[in-house]
Protein chains: 2
Amino acid sequence: MIQKIDHLGIAVRSLDQSIPYYEKALGLHCEHIEEVASQKVRTAFFAAGEVHIELLEATSDDSPIAKFIESKGEGIHHIAFAVDNIQAQLGQAKDNGARAIHEVPIDGAGGKLVAFLHPKSTFGVLTEFCMPKPTEA
Amino acid sequence: MIQKIDHLGIAVRSLDQSIPYYEKALGLHCEHIEEVASQKVRTAFFAAGEVHIELLEATSDDSPIAKFIESKGEGIHHIAFAVDNIQAQLGQAKDNGARAIHEVPIDGAGGKLVAFLHPKSTFGVLTEFCMPKPTEA
């Protein structure tokens, strides 16, 4: 079951140029900056109520974020829903016509399990499910 | 000051085709459907935690949503922040380089005052501020 929107991923050309907009024009607080080498991105996190805004800057020309900006320009890249059971949510989505990018959840940033649905199967919205990784027994 | 994300606007070609995805694959509840004649859209509202998801279908070829889909395809169209003082927030944004689409807030759906920032000035994200319309004295 979906609990809330966990975060919105926004593709930007440059964190250095866009962070001041989020801080000054919107008045949001940049909580931390983190490089996710596996995704070839550098990210900056801001809180807006219960949702995080995650700015995404490509660290390489073959980063998914570089490809997104090349085809669509800067803008909102994905929406991530916090769910209570990621396998069940993925199964429900697939049973109802969505196409999973990952057949099983993978390790994401911040110690979470994540899985994505392909935007061609979700009316144009790259959609992520995420939940905290269960602690090992 | 920004209080939270109020809603996300998502451009779709057809409410009839996309509502079942949000209901069945995601398990969200469609709260109501409303036509906003001034914007030439028909909208469907879903709650996800404290944020609403607002699907937007064009009711005319010259609707802003029809133009958006023509150039970018279906997908996330705008992000709306709930603010406590829309004039102050608009002033703060403009003082820090954002360009307002509306110099003063206008009447939006649901009895709200709304104002938009141009995506060319906000790193690609069409950004809305909204607040309840003050009751007349």
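What you are looking at is a predicted structure, and each value in this text was computed from that prediction instead of being measured.

Visitor: Help me out: how do you make sense of the overall build of chain A in this one?
Guide: The helix and strand tally for chain A stands at three helices and eight strands. Ordering the α and β elements of chain A from the N terminus gives β-α-β-β-β-α-β-α-β-β-β. Taken over the C-alpha trace, chain A has a radius of gyration of 15 Å; the compact-globule value for 137 residues is 14 Å, and the two agree within 12%. The principal-axis extents of the C-alpha atoms in chain A amount to approximately 40 × 35 × 25 Å.

Visitor: Looking at this structure, how should I read the interface of chain B and chain A?
Guide: The accessible area lost on association of the parts is a frequent measure of interface size. Across the boundary between the two partners, chain B contributes 41 residues, which contact 41 residues of chain A. Both sides of the chain B and chain A interface together cover about 3100 Å² of buried area, and 68% of this is carbon and sulfur. Inspection of the region where chain B meets chain A yields zero salt bridges. Where chain B touches chain A, the interface holds nine residue pairs in polar contact (both at pLDDT 80 or more). When contributions to the side of chain B that touches chain A are tallied by element, the ones reaching two or more residues are strand E1 (2–12), helix H1 (15–25), strand E4 (51–58), strand E5 (75–83), helix H3 (86–95) and strand E8 (127–132) of chain B.

Visitor: What is the right way to look at unusual backbone geometry in this model?
Guide: Residues other than glycine predominantly adopt negative phi, and peptide bonds predominantly adopt the trans conformation. A positive phi angle is found at Phe123 of chain A, which is not glycine, with a value near 55°. Here Phe123 of chain A shows up in the loop between strand E7 (112–117) and strand E8 (127–132).

Visitor: Where do I start with the relation of the copies chain B and chain A in this structure?
Guide: Related by rotation about an axis and a shift along that axis, the two copies of the chain form a pair. Between the two copies, chain B and chain A, the superposition gives an RMSD of 0.0 Å; the rotation angle is 180° and the shift along the axis is 0.0 Å. Within this description, the copies of the chain are treated as partners about a two-fold rotation axis.

Visitor: I keep staring at the sheet that holds E8 of chain B and nothing clicks. Help me out?
Guide: Remark on secondary structure: sheet strands pair via backbone hydrogen bonds, oriented parallel or antiparallel. All names here are of chain B. Pairing is mixed across the open sheet formed by eight strands, whose spatial order is E2-E3-E4-E1-E5-E8-E7-E6. Sheet topology places strand E2 (30–36) and strand E6 (106–107) at the edges, where each strand pairs with a single neighbour. Sheet topology places E1 next to E4; six bridges connect them, and they run parallel. Its bridge partner lying in E4, Leu8 is registered against Ile53.

Visitor: What's the story with the pattern of salt bridges in this structure? I'm lost.
Guide: Oppositely charged side chains may form a pair once their charged atoms are brought near each other. Applying the stated criterion to the full structure yields 12 salt bridges over all chains. With a shortest N-O distance of 2.5 Å, Lys94 of chain A and Glu103 of chain A are connected by a salt bridge. Lys112 of chain B is the partner of Asp6 of chain B in a salt bridge, and the nearest nitrogen-oxygen pair spans 3.1 Å. You can see Asp6 of chain B sitting in strand E1 and its partner Lys112 of chain B sitting in strand E7 (residues 112–117), a full 106 residues away along the chain. Its relative accessible area of 13% is what places Asp6 of chain B among the buried residues. Shared partners join several salt bridges into a network, and the residues in it are Asp16, Arg42 and Glu57 of chain A.

Visitor: Where do I start with the pairing of strand E5 (residues 75–83) of chain A in this structure?
Guide: When a strand is regular, its side chains alternate between the sheet's two faces. All names here are of chain A. With respect to burial, E5 is a largely interior element, nine of its nine residues being buried. Looking at chain direction, strand E1 (residues 2–12) and E5 are connected through eight bridges and run antiparallel. Across the sheet, residue His7 finds its bridge partner in E5, namely Ala80. Bridging between E5 and E8 involves four bridges; their strand directions are parallel. Pairing of Ala80 across the sheet is with Glu128, part of E8.

Cut-offs applied
Residues numbered from 1 in each chain as written. Chains lettered and ligands numbered in written order. Predicted model: local features only at pLDDT ≥ 70, side-chain atom pairs only at ≥ 80, totals over all residues. Heavy atoms only, no water. Helix = DSSP H or I, 4+ residues; strand = E, 2+ residues; numbered from the N terminus. Rg over C-alpha atoms; globule rule 2.2 N^0.38 Å. Contact = heavy atoms within 4.5 Å. Buried area = accessible area lost by both parts, 1.4 Å probe. Salt bridge = Lys/Arg side-chain N within 4 Å of Asp/Glu carboxyl O. Polar contact = N/O pair within 3.5 Å; in protein donor to acceptor, adjacent residues only side chain to side chain. Least-squares fit on C-alpha atoms with pLDDT ≥ 70 in both. Pairing = 2+ DSSP bridges. Buried < 20%, exposed > 50% of the residue type's maximum accessible area, 1.4 Å probe, protein only.

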